[in-house]
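Read off the chains here:
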Amino acid sequence: SQQGEEDPQALSIQEGENATMNCSYKTSINNLQWYRQNSGRGLVHLILIRSNEREKHSGRLRVTLDTSKKSSSLLITASRAADTASYFCATDWTNAGKSTFGDGTTLTVKP
Amino acid sequence: GAGVSQSPRYKVAKRGQDVALRCDPISGHVSLFWYQQALGQGPEFLTYFQNEAQLDKSGLPSDRFFAERPEGSVSTLKIQRTQQEDSAVYLCASSFDRGYEQYFGPGTRLTVT
């Protein structure tokens, strides 16, 4: 399977702590995207990182990509209760642009 | 600007009925994707359009599923003779072009009874 797999499946932290989620995949990719999904809602795009990039930042979010290890990580700094959600990585491994999703990491931030 | 919209948001169908799910992508977005999401899982790719051309339909689960985008904008996913296993959230996403960020709509939750 080309599917990205997130690790851990579930993560529970206190408000103010940092949260790190990992994504591993199996074949070379064109880009990797991270999404957030609140319960019962649609997916919100967070960051896209291309295969020739190693790190990207957006506000409290930091994404790294290690193509040699076929892995990516999403770091959320100074977490807030509002960050409670499921986080998915999606890999684009074709030139068509379609993405393959993992089953996500469920993050719970306790106030 | 307006995001991706989908209608209806919720659909209950009796087994055997046909349903049609609509997606309005972000204006100007060339690429449009349909995904199926089961409870507790990540979205699964169904099909992909580049303008009006359906370039990949490898994810459609059976020939009961059909998608179209006749004018390269609005898309419709049709499911014929619905079965209980079709119950899921159907997500539509659009992007400026292939390889760019995909923006998702809120989804249509289909329940087949």
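Criteria and thresholds
Residues numbered from 1 in each chain as written. Chains lettered and ligands numbered in written order. Predicted model: local features only at pLDDT ≥ 70, side-chain atom pairs only at ≥ 80, totals over all residues. Heavy atoms only, no water. Helix = DSSP H or I, 4+ residues; strand = E, 2+ residues; numbered from the N terminus. Rg over C-alpha atoms; globule rule 2.2 N^0.38 Å. Buried < 20%, exposed > 50% of the residue type's maximum accessible area, 1.4 Å probe, protein only. Contact = heavy atoms within 4.5 Å. Areas by Shrake-Rupley, 256 points an atom, 1.4 Å probe, with all protein chains shown as cover. Lys, Arg positive; Asp, Glu negative; His and termini not counted. Charge placed at Lys NZ, Arg CZ, Asp CG, Glu CD. Pairing = 2+ DSSP bridges. Axes fitted to C-alpha atoms, helices over the stretch in contact; angles between N-to-C directions. Disulfide = S-S within 2.5 Å. pLDDT = per-residue confidence, 0-100. Buried area = accessible area lost by both parts, 1.4 Å probe. Salt bridge = Lys/Arg side-chain N within 4 Å of Asp/Glu carboxyl O. Polar contact = N/O pair within 3.5 Å; in protein donor to acceptor, adjacent residues only side chain to side chain. Nonpolar A, V, L, I, M, F, W, Y, C, P; charged D, E, K, R; others polar.

Visitor: Just to check I follow, could you spell out the overall build of chain A for this structure?
Guide: A tally of helices and strands in chain A yields zero helices and 11 strands. Taking 13 Å as the expected radius of gyration for a compact globule of 111 residues, we find that chain A reaches 13 Å, a close match to that expectation. A principal-axis box enclosing the C-alpha atoms of chain A has dimensions of 40 × 25 × 20 Å. Within chain A, buried positions represent 48% of all 111 residues. A fraction of 55% describes how many contacts in chain A between residues 6 or more apart in sequence connect residues 24 or more apart. Accessible surface for chain A amounts to roughly 5,200 Å². Of this, 43% is attributable to carbon and sulfur atoms. Considering chain A, the positive charge centre built from 13 side chains and the negative charge centre built from 11 side chains are found 4 Å apart.

Visitor: I would appreciate a short explanation of the sheet that holds strand E8 (residues 71-76) of chain A in the present structure.
Guide: Backbone hydrogen bonds hold the strands of a sheet together, and the pairing may be parallel or antiparallel. Residue and element names in this part refer to chain A. Taken in spatial order, the five strands of this open sheet run E1-E3-E8-E7-E6, and their pairing is antiparallel. Of all the strands in the sheet, the pair left with one neighbour each is strand E1 (5-7) and strand E6 (55-58). Strand-to-strand, the axes of this sheet are offset by a mean angle of 20°, without reference to chain direction. Where strand E7 (residues 61-66) meets E8, six bridges bridge the pair, whose relative direction is antiparallel. By the bridge assignment, Val63 is partnered in E8 with Leu74.

Visitor: Please clarify how the state of the cysteines should be interpreted in this entry.
Guide: Covalent bonding between the sulfur atoms of two cysteines defines a disulfide. Here the structure, examined in full by the defined rule, presents two disulfides over all chains. The disulfide bridge from Cys23 of chain A ends at Cys89 of chain A, spanning 2.0 Å between sulfur atoms. Sign of the S-S torsion, about 65° for the bond between Cys23 of chain A and Cys89 of chain A, identifies this disulfide as right-handed. Taken together, the positions of Cys23 of chain A in strand E3 (residues 19-24) and Cys89 of chain A in strand E9 (residues 85-92) put the pair 66 residues apart, joining distant regions of the chain. Neither Cys23 of chain A nor Cys89 of chain A differs from the other in exposure class; each is buried. Note that Cys23 of chain B is cross-linked by a disulfide to Cys92 of chain B, the S-S spacing being 1.8 Å. Taking the torsion about the S-S bond as the criterion, the Cys23 of chain B to Cys92 of chain B disulfide, at about -65°, is left-handed. Taken as a pair, Cys23 of chain B in strand E3 (residues 19-24) and Cys92 of chain B in strand E9 (residues 88-95) lie far apart in primary sequence, 69 residues in all.

Visitor: Sorry if this is basic, but what is going on with the sheet that holds strand E8 (residues 75-79) of chain B here?
Guide: Residues and elements named next belong to chain B. Overall, antiparallel pairing links the four strands, which are arranged E1-E3-E8-E7 in an open sheet. Single-partner strands in this sheet number two, and they are strand E1 (5-7) and strand E7 (65-68). Mean inter-strand twist for the sheet, computed between neighbouring axes without regard to direction, equals 15°. The pairing of E1 with E3 spans three bridges and is antiparallel. Within E3, the position partnered with Gln6 by the bridge is Cys23.

Visitor: It is not clear to me how the confidence of the model for chain A should be interpreted in this structure. Could you clarify?
Guide: In regions of low pLDDT, the predicted coordinates are not meant to be interpreted in detail. A residue-level look at chain A finds 95% of positions with pLDDT of 70 or above and a mean pLDDT of 92. Mean pLDDT across the elements of chain A ranges from a minimum in E1 of chain A, with 87, to a maximum in E7 of chain A, with 98.

Visitor: Would you take a moment to explain the interface of chain B and chain A for this structure?
Guide: When the parts of a complex come together, some accessible area is lost, and that lost area is often used as the size of the interface. With 23 residues of chain B at the contact, the number on the chain A side is 21 residues. Each partner contributes to the roughly 1,600 Å² buried at the junction of chain B and chain A, and carbon and sulfur atoms together form 50% of this total. Considering only the surface of chain B that becomes buried against chain A, Gly99, Gln102 and Phe104 of chain B emerge as the three largest contributors, covering 27% of it. Put simply, chain B and chain A have zero salt bridges between them. Counting the contacts that link chain B with chain A gives eight residue pairs in polar contact (both at pLDDT 80 or more). Broken down by secondary-structure element, the contributors of at least two residues to the side of chain B that touches chain A are strand E4 (31-37), strand E5 (44-50) and strand E10 (103-104) of chain B. Each residue belonging to the side of chain B that touches chain A can be placed in one class, and the counts come to 10 nonpolar, eight polar and five charged.

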